[in-house]
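The primary structure of each chain is shown beneath.
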Amino acid sequence: MKKLFVLPILCLSSIITLAQEISTREMDRINWMEFAEFVPEKINTVLLPTGTLEPHGVINNGADNTAPAAMAKDLAADLNAMIAPTLNYGITGSMAAYPGAFQITEEAYGPFIRDILKGLAKNGFKNIIILNGHGGGQTAVLQDIAGKVANELGVRTLVINWWTYASDVTMEVFKEDGGHAGLNETAYIQAIDPTLVHKERYKPEQATAYPQNKAWSAVPFPSSIGLYQEGQGYPNFDQAQADEYFEKVNEKVLELIQDTIAKWDLAGL
């Protein structure tokens, strides 16, 4: 008799497990009724990728969107998080004049990102993690607005510039510094989708080192590859290194998010 009950029990357990699995972690793909079944009771963390459209050497104009979007997809399950639609337009700055680039003013971007964060909070997310793919003035706006929304609505926000936070990983993998559309960012995109990397268009002359100590300033910036240090950061298009870099960067970012949430919880915030 015991054997007769084993199969039904196992089947019931499998059905319950399947019923608890979410069909997708992407907010723009999930049905509203399923969303309500999981958020916020079972899922209270959301990843918001942000970027912009601007030139990136021989990789895609939307690299600042491609990178955080891919990172979010890679990390979401481990964080038990949903993924908000990527905010593809941003504060491009000194490269706004290049073909295919878009520039959103701070006056427009600030209130818009504020409403997005408020919307995520309204939908029940306690932890709002911004995976930012674009620096410059956009970073300051994101940090300012995220902090104000956190204090105003009692949510918890974290803004991450992945390439800066993982600068030690760049040195570990490549033994040199990177740059905008340089060695590190090109490798990260290559790991995501090699078809977005156009090696045949590459020339070392397309790169310029950023000025140290604000020694000079040019608008538009004269190159679509900006090196953090003179003589370092030129793309090498090594697929094995690209794959290693992608994995190690994501591991480091994952640990930061997990540690931050754990400490928020420990503090009862």
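If you're wondering where the values come from, they're calculated on a predicted model, not measured in any experiment.

Colleague: I tried to follow the overall build of the chain on my own but got confused; where do I start?
Modeller: Looking only at helices and strands, the chain has 9 helices and 7 strands in total. In terms of principal-axis extent, the alpha carbons of the chain reach across some 80 × 45 × 35 Å. Considering the chain as a whole, with its 269 residues, one finds that 46% of them fall into the buried category. Total accessible area computed for the chain in this model is approximately 13,800 Å², and 55% of it derives from carbon and sulfur atoms. Taking the average location of the 20 positive side-chain charges in the chain and that of its 32 negative ones, the two points are 7 Å from each other.

Colleague: Sorry, what's going on with helix α4 (residues 106-122) here?
Modeller: Helical geometry: 3.6 residues make up each α-helical turn, so side chains three or four residues apart lie on a common side. Given a rise of 1.5 Å per residue, 17 residues ought to cover 24 Å, and the 24 Å separating the end C-alpha atoms of α4 matches this to within 8%. Taken as a whole, α4 has its buried residues at Tyr109, Gly110, Ile113, Leu117, Leu120 and Ala121. Relative to the axis of α4, the buried residues are bounded by an arc of 105° and lie together on one face. Facing away from the buried side of α4 by over 90 degrees, the exposed positions are Glu107, Asp115 and Lys122. Packed against the buried residues of α4 are β1 (45-50), β3 (127-132) and α5 (137-153). Two residues or fewer after α4 comes glycine 124, characterised by a positive phi angle close to 105°.

Colleague: Even after reading the chapter, I still don't get the sheet that holds β1, so can you show me in this structure?
Modeller: The strands that make up a sheet are held in pairs by hydrogen bonds between backbone atoms, and each pair lies either parallel or antiparallel. Taken in spatial order, the 4 strands make up an open sheet running β2-β1-β3-β4, and their pairing is parallel. In this open sheet, the two strands that pair with only one neighbour each are β2 (81-83) and β4 (156-161). Looking at each pair of strands side by side, their axes are set apart by 25° on average, direction ignored. Bridge analysis of β1 against β3 gives 6 bridges, and the strand direction is parallel. Its bridge partner lying in β3, proline 49 is registered against leucine 131. Docked against the sheet, α4 engages β1 and β3, running at close to 160° with respect to β1. Here helix α9 (residues 239-267) sits on the sheet and contacts β1, β3 and β4; the angle it forms with β4, its principal contact strand, is near 160°.

Colleague: What should I look at first to understand unusual backbone geometry in this one?
Modeller: Trans is the common state for peptide bonds, and a negative phi is the common state for residues other than glycine. The amide bond that connects valine 39 to the next residue, proline 40, takes the cis arrangement and shows omega of 5°. Along the chain, proline 40 turns up in the loop between α2 (32-38) and β1. Backbone torsion omega between valine 219 and proline 220 reads -5°, so that peptide bond is classified as cis. Inspection of the secondary structure puts proline 220 in the loop between β6 (207-209) and β7 (225-227). One non-glycine residue, lysine 175, lies in positive phi territory at about 65°. Note that lysine 175 resides in the loop between α7 (167-174) and β5 (179-180). Note on lysine 175: relative accessible area 66%, which makes it exposed.

Colleague: Before we go on, may I ask you to explain the environment of arginine 156 in this structure?
Modeller: Note that arginine 156 resides in strand β4. For the pair formed by arginine 156 and threonine 24, sequence separation is 132 residues and the distance between their alpha carbons is 23 Å. Aside from chain neighbours lying at most four places away, what touches arginine 156 is Lys126, Asn127, Ile128, Ile261, Trp264, Asp265 and Leu269. A distance of 3.0 Å separates a polar atom in the side chain of arginine 156 from the backbone oxygen of leucine 269.

Colleague: How do you make sense of the side chain of threonine 50 when you look at a structure like this?
Modeller: Its place among the elements puts threonine 50 in strand β1. A polar contact is formed between the side chain of threonine 50 and the side chain of asparagine 132, at a distance of 2.8 Å.

Colleague: Just to check I follow, could you spell out the nonpolar core for this structure?
Modeller: One recurring pattern in soluble globular proteins: nonpolar side chains tend to sit buried together. The biggest cluster of nonpolar side chains holds 44 residues, and the ones touching the most others in it are Leu47, Leu131, Trp162, Tyr245, Val249, Val253 and Ile257. Of all the elements, α9 adds the most residues to this core, at 9 residues. Setting aside residues no more than four positions away along its own chain, leucine 47 makes contact with Ala72, Leu75, Ala76, Leu79, Ala81, Met82, Ile83, Ala84, Ile129, Leu131 and Ile257.

Colleague: Hey, could you run me through the packing of α7 against α9 in this one?
Modeller: The relative placement of two packed helices is expressed as an angle between their axes plus a distance between the axes. Two elements in contact, α7 and α9, have axes separated by 10 Å at closest approach and are oriented at 150°. On the basis of the axis angle, α7 is roughly antiparallel to α9. For the crossing formed where α7 meets α9, the hand is right-handed. For the pair α7 and α9, contact is made by Asp168, Val169, Thr170, Glu172, Val173 and Phe174 and by Gln241, Glu244, Tyr245, Lys248, Val249 and Lys252, respectively. Residue composition of the contact of α7 with α9, by class: 5 nonpolar, 2 polar and 5 charged.

Calculation criteria
- Residues numbered from 1 in each chain as written.
- Predicted model: local features only at pLDDT ≥ 70, side-chain atom pairs only at ≥ 80, totals over all residues.
- Heavy atoms only, no water.
- Helix = DSSP H or I, 4+ residues; strand = E, 2+ residues; numbered from the N terminus.
- Buried < 20%, exposed > 50% of the residue type's maximum accessible area, 1.4 Å probe, protein only.
- Areas by Shrake-Rupley, 256 points an atom, 1.4 Å probe, with all protein chains shown as cover.
- Lys, Arg positive; Asp, Glu negative; His and termini not counted.
- Charge placed at Lys NZ, Arg CZ, Asp CG, Glu CD.
- Expected span 1.5 Å × (residues − 1).
- Arc of directions from axis to C-beta.
- Contact = heavy atoms within 4.5 Å.
- Pairing = 2+ DSSP bridges.
- Axes fitted to C-alpha atoms, helices over the stretch in contact; angles between N-to-C directions.
- Polar contact = N/O pair within 3.5 Å; in protein donor to acceptor, adjacent residues only side chain to side chain.
- Core = buried A, V, L, I, M, F, W, Y, C linked by side-chain atoms within 4.5 Å.
- Parallel < 35°, antiparallel > 145°, perpendicular 65-115°, else oblique.
- Left-handed = near helix turned anticlockwise from the far one by under 90°.
- Nonpolar A, V, L, I, M, F, W, Y, C, P; charged D, E, K, R; others polar.

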